[in-house]
Amino acid sequence: MNSYKIAVIPGDGTGPEVVREGRKVLDALAEKFNFKLDYTEFDYGGDRYLKTGEVLPKGAADELRGFNAIYLGAIGHPEVKPGILEKGILLRLRFELDQYINLRPVKLYPGVECPLKDKGPEHIDFVVVRENTEGLYAGSGGFLKKGTPDEVAVQESINTRKGVERCVRYAFEYCKQRGRERKLTLCGKTNVLTYAFDLWERTFRAVAKEYSDIRAEYAHVDAITMWFVKNPEWFDVIVTDNMFGDIITDLGAMIQGGMGIAAGGNINPEGVSMFEPIGGSAPKYTGKNVINPLAAICAGGMMLDYLGQKDAANVLERAVMEVTDKHIKDLGAGRMGMSTSEVGDLVANYTQKV
Ligand code: IPM
Ligand code: MN
């Protein structure tokens with residue numbers, strides 16, 4: 001029997017509630033498909049930081065390397081200054097575990113209300129491959145004359161040939177495997193970021209030569225935000241840098257029905273990957289049993305796919321679609337017409353039927 005060691009980081013706010021429902025669904029699938037999930041919980045997050053003063057203990061990344069995957073709830077605590085936990089836990093794990101891909105599917109499920117006029121599930125089904133270890137997130141820069149009227153702040157975007165190429169290669173390969181439209185769009189800003197996106201575009205064109213069956217296109221990031229709203233059906237797979245990827249995937253989340261359903265994977269194809277709902281810890285809903293667990297459940301589905309349990313991942317997605325189509329009223333917290341745990345129960349039940 002296949003057995004997988006899963007590190008679970010429930011995290012802050014509503015993280016533990018959504019992770020609980022995710023595990024409920026994952027366990028139902030493990031039973032059905034005859035594999036084992038062996039969970040180990042880690043208490044990383046705001047409460048631990050406030051108690052101990054430590055964000056991540058020494059050797060945390062090394063310990064996590066011993067697992068098959070990491071399942072994360074949410075990071076962010078109202079009593080901790082913004083940035084400390086995000087940088088100290090989420091970004092640090094992405095970097096230290098070299099999870100160089102942030103994979104974010106944008107798919108409108110049946111029954112989900114879309115804020116775009118005249119757009120339905122047949123129009124919104126694409127995936128953003130976001131570079132996850134470089135760009136403006138690399139933390140390169142500094143202050144000069146800080147606190148004086150002559151202050152200078154510099155924040156540099158770091159783009160390495162290696163980092164760009166491995167991301168672009170992943171995107172081409174992913175597009176090929178996905179086998180939908182076989183169209184990959186590079187999202188950049190070559191007209192202004194004439195160094196960074198020059199490297200991106202040259203790399204993109206060079207790798208494209210190895211994928212003659214994939215249509216390789218380029219679009220500026222500002223135009224992409226326009227087309228997400230006007231013509232989302234134009235996209236199949238999009239590859240982009242860290243900052244643009246961060247921004248366009250929040251817009252992507254909105255057109256697929258909101259943060260309640262948006263999932264992502266921080267992927268190191270040669271190492272350990274981490275799966276998370278892309279929304280935050282939503283502290284004001286903590287403990288109320290009203291937060292939508294579907295994003296966390298879908299992140300669990302991405303984890304199953306990554307672990308090689310493709311059939312289970314497909315069943316999970318179909319179960320989620322039954323619930324969005326037939327049961328859930330609205331994807332927003334407190335507006336679902338049912339509780340967090342009821343949504344988890346329903347999805348888990350459907351996994352045994354679809
Ligand atoms: C995300 C988040 C993070 C990011 C924050 C919390 C650091 O917005 O996962 O998209 O900017 O990557
Ligand atoms: Mn973001």
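The structure presented is a predicted model; accordingly, all values stated were derived computationally and were not measured.

Scoring rules and cut-offs
- Residues numbered from 1 in each chain as written.
- Chains lettered and ligands numbered in written order.
- Predicted model: local features only at pLDDT ≥ 70, side-chain atom pairs only at ≥ 80, totals over all residues.
- Heavy atoms only, no water.
- Near = heavy atom within 4 Å.
- Helix = DSSP H or I, 4+ residues; strand = E, 2+ residues; numbered from the N terminus.
- Nonpolar A, V, L, I, M, F, W, Y, C, P; charged D, E, K, R; others polar.
- Salt bridge = Lys/Arg side-chain N within 4 Å of Asp/Glu carboxyl O.
- Buried < 20%, exposed > 50% of the residue type's maximum accessible area, 1.4 Å probe, protein only.
- Contact = heavy atoms within 4.5 Å.
- Pairing = 2+ DSSP bridges.
- Axes fitted to C-alpha atoms, helices over the stretch in contact; angles between N-to-C directions.

Novice: Quick question: what am I supposed to make of the site of ligand 1 here?
Specialist: Around ligand 1, a shell composed of Glu86, Leu90, Arg94, Arg104, Arg130, Tyr137 and Asp246 is seen. Tallying contributions element by element places helix H4 (residues 84–96) first for the shell around ligand 1, with three residues. Each residue belonging to the shell around ligand 1 can be placed in one class, and the counts come to two nonpolar, no polar and five charged.

Novice: I keep staring at the pattern of salt bridges and nothing clicks. Help me out?
Specialist: Between side chains of opposite charge, a pair can form when the charged atoms approach closely. Enumeration according to the criterion identifies 28 salt bridges in this entry. Here Asp118 makes a salt bridge to Lys117, at a shortest N to O gap of 3.7 Å. Between Arg130 and Asp246 there is a salt bridge, and its shortest N-O distance comes to 3.7 Å. Of the two residues, Arg130 is situated in strand E5 (residues 125–131) and Asp246 in helix H8 (residues 242–255); the sequence distance between them amounts to 116 residues. Among the ionic contacts, a cluster of salt bridges with common partners joins Asp125, Arg178, Arg180, Glu181 and Asp236.

Novice: Looking at this structure, I do not really get the side chain of Thr203. What am I missing?
Specialist: For Thr203, the position within the fold is in helix H6 (residues 196–208). Judged by relative accessible area, Thr203 falls into the buried class, the value being 0%. Once you skip the residues sitting within four places of it in the chain, Thr203 turns out to touch Arg161, Val164, Glu165 and Val168.

Novice: Just to check I follow, could you spell out the sheet that holds strand E10 (residues 237–240) for this structure?
Specialist: Strand pairing in a sheet takes place through backbone hydrogen bonds and is either antiparallel or parallel in direction. If you walk across this open sheet you meet the 10 strands as E2-E1-E3-E12-E11-E4-E5-E10-E8-E9, and the pairing is mixed. Each of the sheet's edge strands pairs with one partner strand only, and the pair in question is strand E2 (36–41) and strand E9 (215–220). Direction aside, the axes of adjacent strands within the sheet are offset by 25° on average. Relative to strand E12 (residues 273–277), strand E3 (residues 69–74) is paired through three bridges, and the arrangement is parallel. Each bridged residue has a counterpart across the sheet, and for Ile70 the counterpart in E12 is Met274.

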